[in-house]
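# Secondary and tertiary structure notes
Read off the chains here:
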Amino acid sequence: MELSRLTIHELQEMIKKGETTSSDIVESVFKRIDAVEDKVRSYITLLRDSALEEAQQADREIKKGNIKTLSGIPIAVKDIMCTRGVRTTCGSRILHNYVPPYDSTVVMKLREAGAIFVGKANMDEFAMGSSTETSYFEITKNPWDLERIPGGSSGGSAAAVAADECIASLGSDTGGSIRQPAALCGVVGLKPTYGRVSRFGLIAFASSLDQIGPFTKDVEDCAILMNLIAGHDPMDSTSVPTSVPDYREYLSRGIAGWTVGIPKEYFIEGIDPEVSGAIEKAIKEIEGLGAKCIEVSLPHTDYCVAAYYIVAPAEASSNLARYDGVRYGLRSESGEGEDLLEMYKRTRSEGFGAEVKRRIMIGTYALSSGYYDAYYKKASQVRTLIKRDFEESFKKCDVILTPTTPTPAFKIGEKTDDPLQMYLSDIFTLSANLAGIPGISVPCGYTKAGLPIGLQLLAGHFEEGKLIQIASAYEKHSKTEKRRPEI
Amino acid sequence: MITKEEVGHVAHLARLHFSEEEQDKFTSQLNDILTYIDKLNQVDTAGIPPTTHAISLNNAFREDVVKESIGRDLALTNAPDEKGSCFRVPKVIE
């Protein structure tokens, strides 16, 4: 058994019993990377030397009996989270040479817990995309079918876990960027409640929507990482100072007596029949675990994409104004006699890719004089209604169950020329970000062609425990077969 | 509808520059997207307060205590161009 194929909790056990070492685990992961990375392209930056060195240090500590939660476990981080002294690009040319002078809070927390960092995972530029095709550096391939996209924007983080190029990883989710790639790559991905995990050191896309969360091989690992990254941080004033439960305690509680809401608006025309078939099967299995499934209604579902594609670009256009070629990142070589304004324009036009420019343009337009009320204010009001839909539904049920995505992974290049079609692939995930609620995607089967399908579960604010509870019950007891990609 | 001229104006506000060809493409794509977004007008939002953050947050106050921060040298390490202790930029005023 290759160590790279195992989970955090399996490796923890082996380390505790002295059956393996961190060096062996890290070597196994890099052996796997050497075998498949050329095909999958999960990483922008690999940290082989420092990882092997850290593993030797970890082994010395472990020998002394100093074992922490992630002692010696190789983790990948999306290249949107700042890592002190390690290039952090956000998938963009404009940050191609940026070396942060500080660690993001999540990276610091994992480091303190003993994690070994394998590399910085590929992503859509500034997390704007659903396929990882907008990365300035490379296109990540879906490990289940190398001609298909892994999802996005955290496609590298999802593919790395699916392909055993790390044991677990972190991603970020602004409109589905953890849950959608988790579904398309057949792994577990959780977007926490807005404010549950510190965003300090997370390069900002849309500040009222962004959240960091884990990609893991099973639900237990998800609980382990959530225990480490959740909690208040004085460095992020939007992180919430409420206590964090031990998420592992939810793993074996079962869901007898629960009510699960199925929103009728999520079973629409255009949803792939193999996806809806897998979801219907999952609903039966969840009923078999003692839960009652009822129909609920989220009447404003149809407006989520429209509201999101005002709110997110508006915030992005403001956040990305900082890239001006002065303090860090790319500066265009300016021509003779060129002034500051010309330098700004040239730098930003050369540094940003087409999708980022598109969103900056939408956002700038929506916030510009005369259009603010018609677009931004209107979208923010619709956001209130979307949030209220969930509040009403959660009066009737413990969690809401939906497909994570309307279709399995699509082909590379299939949607790059049609931005609107690409946006519509996030139709089931955007609402959780607008409402600020947590959501998890767990594997729930495969298409005939062998592509993974994801089941999304949503809960009220700060109820990640419930998501872990039902996802764990489903994972343990469902008859869904578990496969591995052949690369 | 957003016109090609408006796209040019918005690009200037966003400090971006497009070629003629890019400006044509963006005008058509932005119109597709804005036409789709127009469906928000089907929703009656009279009297509905806007949501700017999904979680109700209060201002997070703290004592004004001086803490360790990133030093000047470190802050300048990523600068494309610097001189002495400053970021250097092209000429702003004559």
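Residues numbered from 1 in each chain as written. Chains lettered and ligands numbered in written order. Predicted model: local features only at pLDDT ≥ 70, side-chain atom pairs only at ≥ 80, totals over all residues. Heavy atoms only, no water.

### Observations concerning the packing of aromatic side chains
Residues and elements named next belong to chain A. With the rule as written, the count across this model stands at 18 aromatic pairs over all chains. Between the aromatic rings of Tyr323 and Phe352, the centroid separation amounts to 6.2 Å while the plane-to-plane angle is 90°, which identifies the pairing as edge-to-face. With Tyr323 in the loop between helix 9 (304-319) and helix 10 (340-351) and Phe352 in the loop between helix 10 and helix 11 (354-367), the pair connects residues that are 29 residues apart, well separated along the chain. Consider the rings of Tyr365 and Tyr375, whose centres lie 5.7 Å apart with planes at 50°: the pair is tilted. In this pair, Tyr365 sits in helix 11 while Tyr375 sits in helix 12 (residues 373-393), placing the two residues 10 residues apart along the sequence. One aromatic cluster is present, formed by Tyr98, Phe126, Tyr323, Tyr328 and Phe352 through successive ring pairs. The ring of Tyr250 has Arg253 sitting right over it, with the charged end atom 4.3 Å from the ring centre. The ring of Phe410 has Lys415 sitting right over it, with the charged end atom 4.4 Å from the ring centre. (Phe/Tyr/Trp six-rings, centres within 6.5 Å; stacked < 30°, edge-to-face > 60°. Helix = DSSP H or I, 4+ residues; strand = E, 2+ residues; numbered from the N terminus. Lys NZ or Arg CZ within 6 Å of the ring centre and 35° of its normal.)

### Some points on the confidence of the model for chain B
The pLDDT averaged across chain B works out to 92; a share of 99% of its residues lies at or above 70. The lowest-confidence element of chain B is helix 3 (residues 72-76) of chain B, averaging 93 in pLDDT; the highest-confidence one is helix 1 (residues 4-13) of chain B, averaging 96. (pLDDT = per-residue confidence, 0-100.)

### Overview of the side chain of His9 of chain A
Residues and elements named next belong to chain A. Structurally, His9 is set in helix 1 (residues 8-16). Residue His9 is classed as buried on the basis of its relative accessible area of 16%. In this structure the side chain of His9 is engaged in a polar contact, spanning 3.2 Å, whose partner is the side chain of Thr7. Those residues in contact with His9 that lie beyond four places of it in its chain are Asp218, Glu220, Asp221, Ile224 and Arg248. (Buried < 20%, exposed > 50% of the residue type's maximum accessible area, 1.4 Å probe, protein only. Polar contact = N/O pair within 3.5 Å; in protein donor to acceptor, adjacent residues only side chain to side chain. Contact = heavy atoms within 4.5 Å.)

### Observations regarding the sheet that holds strand 4 (residues 168-173) of chain A
Residue and element names in this part refer to chain A. With mixed pairing, the 11 strands of this open sheet are ordered in space as 1-3-2-4-6-5-10-11-9-7-8. Every other strand in the sheet has two partners, leaving strand 1 (43-46) and strand 8 (292-296) as the edge strands with one partner each. In this sheet, adjacent strand axes meet at a mean angle of 30° when their direction is disregarded. Here strand 4 runs beside strand 6 (residues 211-216); their pairing, made up of 5 bridges, is antiparallel. (Pairing = 2+ DSSP bridges. Axes fitted to C-alpha atoms, helices over the stretch in contact; angles between N-to-C directions.)

### Description of a nonpolar patch on the surface
Residue and element names in this part refer to chain B. Among the surface-exposed residues, Val89, Val92 and Ile93 lie close enough to one another that they form a single nonpolar patch of about 290 Å² accessible area. As for its placement among the helices and strands, Val89 is situated in the segment after strand 2 (86-87). Its relative accessible area of 30% is what places Val89 among the partly exposed residues. (Patch = residues over 30% accessible without salt bridge, like charges linked within 9 Å, V, L, I, M, F, W, Y side chains within 5 Å. Areas by Shrake-Rupley, 256 points an atom, 1.4 Å probe, with all protein chains shown as cover. Salt bridge = Lys/Arg side-chain N within 4 Å of Asp/Glu carboxyl O.)

### As for the environment of Leu3 of chain A
Residues and elements named next belong to chain A. With respect to the helices and strands, Leu3 occurs in the segment before helix 1. Judged by relative accessible area, Leu3 falls into the buried class, the value being 15%. C-alpha of Leu3 to C-alpha of Arg32: the two residues are 29 residues apart in sequence and 9.8 Å apart in space.

### Observations concerning the nonpolar core
Residues and elements named next belong to chain A. Ranked by size, the top nonpolar core spans 172 residues in total, and within it Leu70, Leu110, Phe126, Ile286 and Phe390 carry the most contacts. Broken down by element, the residue count for this core peaks at 11 residues, all from helix 9. In contact with Leu70, other than residues within four places in its own chain, are Ile8, Ile75, Leu110, Ala113, Gly114, Ala115, Ile224, Leu225 and Leu228. (Core = buried A, V, L, I, M, F, W, Y, C linked by side-chain atoms within 4.5 Å.)

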